[in-house]
Amino acid sequence: MKEKRNVNKVGERKRKEEESEFCGVTVKWISYFSTSPFLSDRQHFPSFFRTIPSDDYQAQGLAQLVIHFGWTWVGIVATDNDYGQQGVQILQQELVKTGACVAFTEYIMNIYAEKNAQLIVKVISRTSANAIILFSSDNLLIPLMDELVRQNMTGKTWIASEAWSTSPLLSVERYSGILSGSIGFAIHSGAIPGFKEHFTSIHPSMSPEDIFMKEFWENNFNCKWQDEGPPQITWNYSTKYCLENEQMDISKSFYGDLFVPRVTHNIYSAVYALALALHDLHSCRIGQGPFYHGTCADILAFQPWQLLHYVRNVRSQKEVGSELIFDVGGNPQTQYDIVNWQPGIDGTLKQVIVGSFKGNAPARSRFLLNTSTMLWNTQENQVPLSLCTPSCAPGTRKMASEGEPACCFLCVPCPQGEISNQTDSTECFKCPWDQWPNVKQDQCIPRTIEVLSYEEPLGLSLAATTIFASLFPLAVLALFIHQRDTPIVKANNRSLSYLLLLSLTLCFLCSLTFIGHPTPEKCLLRQAMFGIIFALCVSCILAKTIMVVIAFNATKPNSDLRKWVGPKLSYTIISVCTLLQVFLCVIWMIFKPPFKEYDINVNPGQIIVQCNEGSPIAFWCMLGYLALLASMSFIVAFLARNLPSNFNDAKSITFSMLAFLSVWLSFIPAYLSTKGKYMVAMEIFAILSSAFALLFCIFITKCYMILLSPEMNTREHLMGKK
């Protein structure tokens, strides 16, 4: 059983306690079992050294062990004394540094031990922490272990401090179900040359004057020596008497731990360190000594401070991989064995060394663990989990839960357009501009490209419709050319009709520039081409309407309009109206031309490849100018609707302009409410619809008269209708 000393009070008494008589002179302590961190205070204990690491290093190592296995939600149970309180304080600080959280902290008390154990087990049963650090000595754990057995508290992983990780609790069969799979730090074991051979060869008869040898023998063999003298103090008497021919059996020895030398090794190291210091002191050469003017200390009359100098500078290789050296606090190099409690064949637990911890090593090599040899409380090799909140899967991120420790968090899905591809990610990040999260939001995938192409049904059907529709004005043009000398063709301004039909053909065909993958050239020209061609078309209708009005009014006596009758006026009107649209488009193309763009903000997961109009104002000015021309044609045609109908196109032009304006007025809200390929399809539909309206309203009656009623296509018939 390990004893932890209370060193809270600091004073002269401490200095006296650390001094002892050695060969008639005062020397300093080299402790083999004192772990209190207070003793590392060089101001109060300038000459204290030890061969066992301080509890500071143990607490730091336990915290790092917890993080090594991924346990972020742990409980702490400690004894209510200096050893436990100091250990808890350091543990909590180290756990916070490493990112772990403490679910609870409970103290084992000597008074009301049974009631205290019940309260601790109640806390343990309610917690979700599966990893619990026990910072205690083994003798204080019995009430707690008994209560755990009574309540059958299994499924927890116990992390043992070195004070009980190698305790006799291993041999208690009723605790095996509770403590199986425990892991902890143990004092580093090391080889002591010749010790095993010496131990197996000793016998009380060889040293009859050694009372400690007899005591040791009685406790090991559970017997009583029959000899005279004062009674010996024994741990476990019986009526059995010791035999003189008994030999020490290592496998049955009560002191079997001596052959995995832990405390014994520390004692050996303490004696070894002092012996080295004395040897160095004795080996000093005058003139090369470490003291004033190269003097040396006298081995028979040295001062404590002289021996202290050599103890501080002890440095020797005790064994392979183990070096004896003290740091500025009088502590040795930090090294622990990591032990795992595993069930044996006889039902008891056995201690298996599964690794080591070296506190002075680089971070990556501090832990050396053979996890394949480890068993846990689940009787499996897989490391158990101890988390307040299950890990957040990829596609989610951790969000702090108000009023809860940092380890207790919420897992919330990543916002739209963001992903997380790691477990327990604290933040999500956006995909590259041309990628989009998949359904699980754990990886980025290429965005689908949306464009009105010839490969898809909508684009293919619009292209086919466009080509088919462009044949109608060509057919009418061919008919008019074939019937060019007939009265109906002559009466409707033959040259303007030819130009109008050609422009209608171009109106249909300009729709093809809106289909297919946008290119910089297409984007630059398609809206300008559409605006100029439609301006030419509507200008022809306006010129035709004006010429109808002039033609009928020129027949009046003494009319001044006769000089305007002729092709020059109509071509002038067409040229001026079209050039105004050309000028507007040129200004647009120079100062803020359309360009190709990739829009990722409209539809999630899509890239809309489209043409940005550059200047929306210029685009709507272009459409507004077409509306102005159409409105002028509508007004003039409407005013001329009551003129004699034999040669009058006013009515058909009125209906054509009404249909034209209706299409484009309907187009505006539809265009503004759609995006991507459907916006382009809407504009194509408006182009085709308006062109069909003009073609149908203006030429359907004339084609009917030419093809189906040739008797109406005579001068007499037309003149007779006057």
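The structure displayed is predicted, hence computed values, not measured ones.

By way of backbone hydrogen bonds, the strands of a sheet pair with one another, either parallel or antiparallel. Spatial ordering of the open sheet is given by 21-23-22, a layout of 3 strands whose pairing is mixed. Edge strands, defined here as strands with exactly one partner in the open sheet, are strand 21 (448-450) and strand 22 (595-599). Pairs of neighbouring strands in the sheet enclose a mean axial angle of 25 degrees, with direction left out of account.

Attention now moves to helix 9 (residues 263-282). With 20 residues, helix 9 should reach 28 Å at 1.5 Å per residue; the first-to-last C-alpha distance of 29 Å fits that figure. Within the sequence span of helix 9, burial applies to Thr264, His265, Asn266, Ser269, Ala270, Ala273, Leu274, Leu276, Ala277, Leu278 and Leu281.

Below, the discussion takes up unusual backbone geometry. For residues besides glycine, phi is generally negative; the peptide bonds are generally trans as well. A positive phi angle, near 50 degrees, is found at Tyr112, a position not held by glycine. Structurally, Tyr112 is set in the loop between strand 6 (101-108) and helix 4 (113-126). Of note in this structure, Asn152 is not a glycine but carries a positive phi near 50 degrees. For Asn152, a relative accessible area of 55% translates into the label exposed.

All right, on to the packing of aromatic side chains then. Inspection of the entire model under this criterion finds 30 aromatic pairs. Both rings, one in Trp164 and one in Trp341, keep their centres 5.3 Å apart while their planes meet at 80 degrees; by these two values the pair is edge-to-face. Taken together, the positions of Trp164 in the loop between strand 8 (157-160) and helix 6 (176-179) and Trp341 in strand 12 (residues 335-343) put the pair 177 residues apart, joining distant regions of the chain. Ring geometry for Phe185 versus Phe357: centroids 5.5 Å apart, planes at 20 degrees, classification stacked.

Once that is clear, we can look at the pattern of salt bridges. Scanning the entire structure with this criterion turns up 5 salt bridges. A salt bridge links Lys97 to Glu94; the shortest N-O distance between them is 3.5 Å. Linking Lys97 with Glu94, this pair stays in helix 3 (residues 82-98), spanning 3 residues, or about one helical turn. With its nearest N and O atoms 2.8 Å apart, the salt bridge here joins Glu456 to Lys677. Of this pair, Glu456 sits in the loop between strand 21 and helix 11 (457-482) while Lys677 sits in helix 18 (residues 677-707), and the two are 221 residues apart along the sequence.

In a regular helix each residue adds 1.5 Å, so 25 residues correspond to 36 Å; helix 15 (residues 567-591) covers 36 Å between its end C-alpha atoms and thus fits that length. Among the residues of helix 15, Leu569, Ser570, Ile573, Ile574, Cys577, Thr578, Gln581, Cys585, Trp588 and Met589 are the ones counted as buried.

Below, the discussion takes up the sheet that holds strand 5 (residues 73-79). Judged by pairing direction, the sheet is mixed, and its 8 strands sit side by side in the order 6-5-7-8-9-12-13-14 without closing on themselves. The two strands at the open ends of the sheet, each matched to only one other strand, are strand 6 and strand 14 (367-369). Strand-to-strand, the axes of this sheet are offset by a mean angle of 30 degrees, without reference to chain direction. Bridge analysis of strand 8 against strand 9 (residues 183-187) gives 2 bridges, and the strand direction is parallel. In the sheet register, Ile159 faces strand 9, and the bridge partner there is Ile183.

Before going further, it helps to spend a moment on the state of the cysteines. Simply put, disulfide is the name for a covalent bond between the sulfur atoms of two cysteines. Within the structure shown, the criterion is met by 7 disulfides. The disulfide bridge from Cys284 ends at Cys296, spanning 1.8 Å between sulfur atoms. Its torsion about the S-S bond being -65 degrees, the disulfide of Cys284 and Cys296 is classed as left-handed. Of the two residues, Cys284 sits in the loop between helix 9 and helix 10 (304-312) while Cys296 sits in the loop between helix 9 and helix 10, which places them 12 residues apart along the sequence. Accessibility expressed as a relative area gives 21% for Cys296, which makes it partly exposed. Between the sulfur of Cys392 and that of Cys411 lies a disulfide, 1.9 Å long from S to S. Here the disulfide of Cys392 and Cys411 is left-handed, its torsion about the S-S bond being about -90 degrees.

Once that is clear, we can look at the confidence of the model for the protein chain. The pLDDT averaged across the protein chain works out to 82; a share of 86% of its residues lies at or above 70. Below a pLDDT of 50 lies the segment residues 1-27, which in the model reaches 54 contacts outside its immediate sequence neighbourhood of four places, other chains included. Note that residues 254-259 has pLDDT below 50 and, in this model, 15 contacts with residues that lie over four places away or in other chains.

Residues Phe530, Phe534, Trp664 and Phe699 are the most contacted members of the largest nonpolar core, which totals 71 residues. Of all the elements in the fold, those that place two or more residues in this core are helix 11, helix 12 (487-491), helix 13 (494-509), helix 14 (520-554), helix 15, helix 16 (616-639), helix 17 (650-672) and helix 18. Per-element accounting of this core gives the leading share, 15 residues, to helix 18. Here Phe534 is in contact with Cys507, Leu626, Phe660, Trp664, Ile687, Ser690 and Ala691, once residues within four sequence places are set aside. Formed by 30 residues, the second largest nonpolar core is a distinct cluster that contains Ile90, Ile133, Tyr336 and Val354.

Moving on, we get to the environment of Thr371. Examined against the element boundaries, Thr371 turns out to sit in the loop between strand 14 and strand 15 (396-400). Sequence spacing of Thr371 and Gln382 is 11 residues, and the spatial spacing of their C-alpha atoms is 8.8 Å.

Quick look at the packing of helix 4 against helix 5 (residues 142-150) now. Between helix 4 and helix 5, the shortest axis-to-axis distance is 9 Å and the interhelical angle comes to 55 degrees. Here helix 4 lies oblique to helix 5, going by the angle between them. Note that helix 4 runs across helix 5; the crossing there is right-handed. Of helix 5, the residues touching helix 4 (which contributes Ala113, Ala117, Gln118, Ile120 and Val121) are Pro143, Leu144, Glu147 and Leu148.

Parameters at a glance
- Residues numbered from 1 in each chain as written.
- Predicted model: local features only at pLDDT ≥ 70, side-chain atom pairs only at ≥ 80, totals over all residues.
- Heavy atoms only, no water.
- Pairing = 2+ DSSP bridges.
- Helix = DSSP H or I, 4+ residues; strand = E, 2+ residues; numbered from the N terminus.
- Axes fitted to C-alpha atoms, helices over the stretch in contact; angles between N-to-C directions.
- Expected span 1.5 Å × (residues − 1).
- Buried < 20%, exposed > 50% of the residue type's maximum accessible area, 1.4 Å probe, protein only.
- Phe/Tyr/Trp six-rings, centres within 6.5 Å; stacked < 30°, edge-to-face > 60°.
- Salt bridge = Lys/Arg side-chain N within 4 Å of Asp/Glu carboxyl O.
- Disulfide = S-S within 2.5 Å.
- pLDDT = per-residue confidence, 0-100.
- Contact = heavy atoms within 4.5 Å.
- Core = buried A, V, L, I, M, F, W, Y, C linked by side-chain atoms within 4.5 Å.
- Parallel < 35°, antiparallel > 145°, perpendicular 65-115°, else oblique.
- Left-handed = near helix turned anticlockwise from the far one by under 90°.

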